[in-house]
Amino acid sequence: MKITAKILFVVVAVLLLIPAFACAPKAGPPAALKPEVIRVGMIGDMTGPYASIVGAMHVGFLDACQYVNEQTGGIAGVRVEAVCRDSAGKVDSALAHYMELKAMKPRPVTLSFYVSGEAEACHDRLVEDKWPAMTVASLASVYPRGYTFGLYPLYRDATGAWMDWVMQNYPTKNKVAFLTWDTSYGRDIINDEMRAYAKKVGINLVAEELFGIRDTDVSTQLTRIMKLSPDWIYTCTAGHGPGVILKSMAGMGLIGKVKLAGDGVGFAEAVPLTVGDLANGCFVSRGFASLAEPDVEGIKWMNYYFNLNRRRPTDATGAGTCAFMNLLLTKATVERALEAAGGDWSKVDGAAIKAQFEKLQNFTALGLTDITYTPERYHPNKVRIFEIKDKKHVPVSGWLPCPTDDTTPMRLR
Amino acid sequence: MTEFLQYLINGFMAGGVYGLIALSIVLIYKSTRVFNFAVGDVMLLGAFVLWSLLAWLNLPIVPSILLALAIAFGIGLLIERLALRPLIGQSILAAIMATLALSIFLKGGMILIWGTSQVPYPTKIFPGTSATLGTVTLPLGSLWAFLLAMAAFGILVWFFQFTKMGLQMRATAEDHQLAQSTGISVKLVFGLTWAMALVVCALSGIALGDRLGLSVGMTPLLALKAFPAVFLGGLESIPGAIIGGLAIGILENLVGGLINPNLMEITPYIILLLVLLFRAEGLFGLKRIERI
Amino acid sequence: MRPYGTYDETYAQDMAVCRTRLQWGILIGGLILLLSLPLFLGEWMVNFVNFIGISVIAALGLNILTGYAGQISLGQAAFIGVGAYTTGMLARYLAFPIWITLPCAALAAGLVGLIFGLPSLRIKGFYLAMATLAAQVIIPWLIVNVRPDITGGAHSFRVPAATLGIGDIALANETSLFYLIIPLAVLMTFFAKNLHRSRVGRAFIAIRDNDLAAEVMGINLFSYKSLAFFICSAFAGVAGCLWAYWMRAIAVDQFSLMESIWYVGIIIVGGLGSTSGVIMGTVFIRGLDRLVKIIGPAIEGAVPQLTGPWGATAALSPLVFGLVVLLFIILEPRGLSHRWEIFKASYRLWPFSY
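What counts, and at which threshold
Residues numbered from 1 in each chain as written. Chains lettered and ligands numbered in written order. Predicted model: local features only at pLDDT ≥ 70, side-chain atom pairs only at ≥ 80, totals over all residues. Helix = DSSP H or I, 4+ residues; strand = E, 2+ residues; numbered from the N terminus. Rg over C-alpha atoms; globule rule 2.2 N^0.38 Å. Buried ≥ 20, exposed ≤ 12 C-beta atoms within 10 Å, placed from the backbone. Contact = placed C-beta atoms within 7 Å. Core = buried A, V, L, I, M, F, W, Y, C linked by C-beta atoms within 7 Å. Domains from an automatic or database assignment. Nonpolar A, V, L, I, M, F, W, Y, C, P; charged D, E, K, R; others polar. Axes fitted to C-alpha atoms, helices over the stretch in contact; angles between N-to-C directions. Parallel < 35°, antiparallel > 145°, perpendicular 65-115°, else oblique. Left-handed = near helix turned anticlockwise from the far one by under 90°. Pairing = 2+ DSSP bridges. Expected span 1.5 Å × (residues − 1). pLDDT = per-residue confidence, 0-100.

A.B. asks: What exactly am I supposed to notice about the overall build of chain B here?
C.D. replies: Scanning chain B from N- to C-terminus turns up 12 helices and 2 strands. For 292 residues, the compact-globule estimate of 2.2 N^0.38 gives 19 Å, and the C-alpha radius of gyration of chain B, at 19 Å, lies within 12% of that figure. Referenced to the eigenvectors of the C-alpha coordinate spread, the extents of chain B come out at roughly 60 × 50 × 35 Å. The buried share of chain B, reckoned over its 292 residues, is 60%. When contacts within chain B are restricted to residue pairs at least 6 apart in sequence, long-range pairs at least 24 apart make up 76% of them.

Next up, the structure:
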């Protein structure tokens, strides 16, 4: 009896070791002329602190893949497969998933990152591996220029454009206070370039206050800000961030006395979902369409697949729009790279796709956005201003250019 | 001057919630010597239960709250029986790690049932958003949490002083073996302690959730701020928990308002360090004397 | 349990770790196998082994503090962060090679750990754990708010690849980092194991078992407790240095309370106070985490209702980790190393093992 137990133990131990060796990369199929499947990869925080924001991106990503496959026949006729991995907010997990996706044969043609920290960590590796990636637009994710492209204007860019819009439409109401997160993301607007630009266009930046990503109450910061009687409070926060500010404002009776504005990807449809009517009257500066624009073709398809797959209402936010744009961008660049290579799939590699990214001009992604990249600028630079009316994001301006040269001068890029 | 008053009021309000959470921790520690690191997730669990009752079963508000609290009571009994009972007699580290593991496990369970997105309550639980008293504004959502904390505190003080069960719990807190030898069922006391603590916890979760909505990624971390409150007040003192909570809330907001909001995050922990260094038993705790 | 036929004739033999030729053989063979892993493992696996190597070093430090000296620490991740930022800043601003940044990181983290261990003069046990919790919150705050112009504040801090100082060699890929991390991990393991057998180690164990009695015997509690904190944090500093070079972009949220909790979980699952337990615990916990990340998508593929935020992917990792650690604590509180000892003992005593 004991001998069998020991033998069993040894056998089990050996069996457990086998997967370690099985994970070694297997020889893939020879460089085929046309791949069987094109993979697109996504690494994001689906269960950790940013889960409330990234979850919707995941859902949008899957819907977008379905759209590309069913409505357009895939990318150049090849089926698209989504590969999504959860980093749970931990960079080492993100890195491990990066390695895992890299080892796939075929590896995903593009990667997407939805947490700035993870995009920044993988930035250099993407350059070494010549792997184009799209990411949320924090400065350190996209610069120095490598293989990472922003999906929407840098937060400071969008803020600059908003300032321009304010001076055009409300020139007498030029007192602005920043109230933003104490994270890499939130602090993107707290810097000298932003202050200089505000001064240049005539915005009176009266205060810059920070609050923690886990804070539920910003009454103290609001008290300090209101001492200086601003007309606007501007925030660069996502998910629950604007909600926290609005609830604190409501608690202090400030709704109506001062207007809240913010940059787009954060101040998305999730905010009216969580705080309801409190969000009415807020302004958002963002680079892609709102779910309340049913005439836009991209939105029509997004809603179609959203309902088809019976997604939960909490996933109906602008983050999903980003994911959709992501897929459409991948499709466009890969198809153009294929065309430029004369139909030879073996020449459609990372560098070729990146070259197509650099040439992208006024790419509208079914009306969802307006993206132009240049060899010097790896992020779009047009936004629209939206106002939240009746819990919906309604556009109140056309496509405005962002003052990129002022807010993100070359020495930072 | 008005700003000072405003910071003070903000502090009181925030302190109310910290006090509730601290109360829950102290309740458990007093009887079982286990520091419940899982308060944050348990808090969220209670709030989510209420959310489900409101959103999925469409029950009216007051019965839902009572039902949610009853369910929290049951969950407390369950947790004690399954996770903590086997640990009686183990080292402190084991107990700490058990509650930490429990919190992570609960997080996973909550994600499975309610997802990771942030959800608001379908209807507002507590009425009103703000009231103005002269030159200061009173955020009503926080006021409710504060009143709840006071009510809970009052009920618990009455319970421990004037009821037989409360007396039994205090006896068990002193010495488990002695209590057992007088015929008190220590197991029952433990179970009830956890159940009551979870009810308090769920209340604080509901109060917070009403203000902000519930999210698995974020809400449990709020409970971390209550830990310094527990030590400031004294680990074994119920009035200490409330007073500690209020003190931390007030100090935090005063420092943040008058000096720099950036400091708000570490003020509670600096206070914690000072308390640990100079008066480890807190304001109202018991000094433990060690004998060889 | 000793293997058969081993008798100790000298003090050195009594203290030896490897007693028989078989044990030496396994040790040397194992080391050779370990060092040749990159030759036949894919990059994902090498990345994983690197991650384990770094975690082992940090967990060894924590084991010395908590397992040998009995002081609970919830702040290990913060000290790793100190090491990582020290390394990052020295490497980027002063272009120091790794031979200099490594000891600097260890020293810096050790000193910070020492400072936060000062409360051990007055408090012990659980209260000390809370002091380390305070450290875990305060240190990241300091990194973000004090001189953010040099630490990068809340933004990621890019770390250049590790340089050897000789010529232009930079350790930039997983395999070259492997040959940096794994030998270092092996070295630190030997150091930890030897610490256990030395005078300092014995003092630690005495403090853990009954610190009043230890003081009566003449062990200076404060200096030994401080030493324990210093060593633990120095280990964390080394781990942090390697982490910075491995990750290439560091940020304070990589060194959060959750990470500290995982490390405590690792040493508990592995077995407190046992060096081999640390390695077993690290491999087990990190491996479980990776396994769950692989199984999650597989389950989602099979059961499509469970996708997205409600997904198996999202919920499985915390569920499994929490459950596993909970079960370990309830059923086998002395960890994997204890199980291993029982197995070895029953093997040696067969057929009389029971």
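A.B. asks: What is the right way to read the overall build of chain C from this model?
C.D. replies: Along the backbone of chain C there are 15 helices and 4 strands. Relative to the globule expectation of 20 Å for 354 residues, the C-alpha radius of gyration of chain C, 21 Å, shows essentially globular dimensions. Once the C-alpha set of chain C is aligned to its principal axes, its extents read approximately 60 × 55 × 45 Å. The buried share of chain C, taken over its 354 residues, is 53%. Long-range contacts, defined as pairs at least 24 residues apart, comprise 75% of the intrachain contacts of chain C with a sequence gap of at least 6.

A.B. asks: Teacher, can you tell me more about helix α9 (residues 241–251) of chain A here?
C.D. replies: For the α-helix, the turn length of 3.6 residues means that residues three or four positions removed from each other point alike. Burial analysis of α9 of chain A places 11 of its 11 residues in the buried class, the great majority of the element. Regarding α9 of chain A, the residues found buried are Gly241, Pro242, Gly243, Val244, Ile245, Leu246, Lys247, Ser248, Met249, Ala250 and Gly251 of chain A.

A.B. asks: I tried to follow the nonpolar core on my own but got confused; where do I start?
C.D. replies: Within soluble globular proteins, side chains that are nonpolar generally end up buried alongside one another. Formed by 352 residues in total, the largest nonpolar core has its most connected members in Ile21, Leu23 and Leu198 of chain B together with Phe235 and Val238 of chain C. Counting residues per element, this core draws most heavily on helix α11 (residues 221–247) of chain C, at 18 residues. Each of domain 1 (37–153 + 294–380) and domain 2 (155–286 + 384–412) of chain A accounts for three or more of the residues forming this core. Not counting residues up to four positions away in its chain, the partners in contact with Leu23 of chain B are Ala152, Phe153, Val200, Ile238, Ala241 and Ile242 of chain B.

A.B. asks: I would appreciate a short explanation of the interface of chain C and chain A in the present structure.
C.D. replies: The accessible area lost on association of the parts is a frequent measure of interface size. Between chain C and chain A, the residue contacts involve 32 residues of the former and 35 residues of the latter. At the level of secondary structure, the elements contributing two or more residues to the side of chain C that touches chain A comprise α3 (43–68), α13 (275–302) and α14 (312–331) of chain C. For the side of chain C that touches chain A, the element with the highest residue contribution is α3 of chain C, accounting for 6 residues. Residue classes in the side of chain C that touches chain A are distributed as 16 nonpolar, 11 polar and 5 charged.

A.B. asks: Where do I start with the packing of helix α2 (residues 39–55) of chain B against helix α4 (residues 92–114) of chain B in this structure?
C.D. replies: Pairs of packed helices are described in terms of their axes, by the angle between the two and the distance that separates them. All names here are of chain B. For the pair α2 and α4, the least separation of the axes is 9 Å and the interaxial angle reads 25°. Between α2 and α4, the crossing angle belongs to the class labelled roughly parallel. In this structure, α2 meets α4 at a crossing whose hand is left-handed. Contacts between α2 and α4 involve Gly40, Asp41, Val42, Leu44, Leu45 and Phe48 from the first element and Ser103, Leu106, Lys107, Met110 and Trp114 from the second. Each residue belonging to the contact of α2 with α4 can be placed in one class, and the counts come to 7 nonpolar, 2 polar and 2 charged.

A.B. asks: Whenever I open this one, the packing of helix α4 (residues 76–93) of chain C against helix α5 (residues 98–117) of chain C confuses me. Can you help?
C.D. replies: Residue and element names in this part refer to chain C. With their axes 8 Å apart at the nearest point, α4 and α5 run at an angle of 140° to one another. Between α4 and α5, the angle is such that the two are oblique. The element α4 and its partner α5 pack so that their crossing is right-handed. On the side of α4, the interface is formed by Phe79, Val82, Gly83, Thr86, Thr87, Leu90 and Ala91, while α5 contributes Thr101, Cys104, Ala105, Ala106, Ala108, Ala109, Val112 and Gly113. Looking at the contact of α4 with α5 residue by residue, the class counts come to 10 nonpolar, 5 polar and no charged.

A.B. asks: Help me understand the pairing of strand β12 (residues 392–395) of chain A, please; the structure alone is not making it clear to me.
C.D. replies: Sheet faces and side chains relate simply in a regular strand, where the side chains alternate between the two faces. Residues and elements named next belong to chain A. Bridge count between strand β11 (residues 382–389) and β12: 4 bridges; the pairing is antiparallel. Within β12, the position partnered with Ile388 by the bridge is His393. Between the end of β11 and the start of β12, which pair antiparallel, lie 2 residues, with Asp390 showing a positive phi angle near 55°.

A.B. asks: What is the right way to read α3 of chain C from this model?
C.D. replies: Residues and elements named next belong to chain C. Counted at 1.5 Å a residue, the expected span for α3 with its 26 residues is 38 Å, and the 36 Å between its end C-alpha atoms agrees. Among the 26 residues of α3, 25 are classified as buried, and the element is accordingly described as predominantly covered. Of the residues one or two after α3, Gly70 is the one with positive phi, at around 75°.

A.B. asks: It is not clear to me how the environment of Phe79 of chain C should be interpreted in this structure. Could you clarify?
C.D. replies: Residue and element names in this part refer to chain C. Mapped onto the secondary structure, Phe79 falls in helix α4. Taking the number of C-beta atoms within 10 Å as the measure of exposure, Phe79 has 34 and is therefore buried. Each residue touching Phe79, except ones within four places of it in the same chain, is listed here: Ala109, Val112, Gly113, Ser233, Ala236 and Gly237.

A.B. asks: What's the story with the confidence of the model for chain B in this structure? I'm lost.
C.D. replies: Low pLDDT means the predicted coordinates in that region are not meant to be read closely. Counting all residues, the mean pLDDT for chain B is 82, and 91% of those residues have values of 70 or more. Within chain B, no element has a lower average pLDDT than strand β1 (residues 130–133) of chain B, which sits at 68, and none a higher one than helix α10 (residues 226–233) of chain B, at 89.

A.B. asks: Which parts of the structure should I look at to understand the sheet that holds strand β3 (residues 110–113) of chain A?
C.D. replies: Paired through their backbone hydrogen bonds, the strands of a sheet run either parallel or antiparallel. Residues and elements named next belong to chain A. Taken together, the 5 strands give an open sheet; going across it, the order is β2-β1-β3-β4-β5, and neighbouring strands pair in parallel fashion. Of all the strands in the sheet, the pair left with one neighbour each is β2 (79–86) and β5 (148–150). Adjacent strand axes in the sheet meet at a mean angle of 25°, parallel and antiparallel pairs treated alike. With 3 bridges connecting them, strand β4 (residues 133–135) and β5 associate as parallel partners. Opposite Thr135, over in β5, you have Gly150 as the bridge partner. Contacts between helix α3 (residues 91–103) and the sheet are confined to β1 (37–44), β2 and β3, with β1 contributing the most and set at about 175° to the helix.

A.B. asks: Where do I start with the environment of Arg202 of chain C in this structure?
C.D. replies: By the secondary structure assignment, Arg202 of chain C is in helix α9 (residues 199–209). For Arg202 of chain C, a count of 15 C-beta atoms within 10 Å translates into the label partly exposed.

A.B. asks: Can you help me understand the environment of Val218 of chain A in this one?
C.D. replies: Residue and element names in this part refer to chain A. Looking at the secondary structure, you find Val218 in the loop between β7 (204–211) and α8 (219–226). Expressed as a C-alpha distance, the spacing of Val218 and Val244, which sit 26 residues apart in the sequence, is 7.2 Å. Val218 has contacts with Leu179, Phe211, Val244, Ile245 and Ser248, leaving out every residue within four places of it along the chain.

A.B. asks: Explain unusual backbone geometry to me, please; I cannot follow it from the model alone.
C.D. replies: All names here are of chain A. Between Lys105 and the following residue, Pro106, the backbone shows a cis peptide bond with an omega angle of 0°. As for its placement among the helices and strands, Pro106 is situated in the loop between α3 and β3. With omega at -5°, the peptide bond leading from Tyr143 into Pro144 counts as cis. Structurally, Pro144 can be placed in the loop between α5 (139–142) and β5.

A.B. asks: Where do I start with the confidence of the model for chain C in this structure?
C.D. replies: Across chain C, pLDDT averages 85, with 94% of residues at or above 70. Under the prediction, the complex receives an ipTM of 0.83, its pTM being 0.84.

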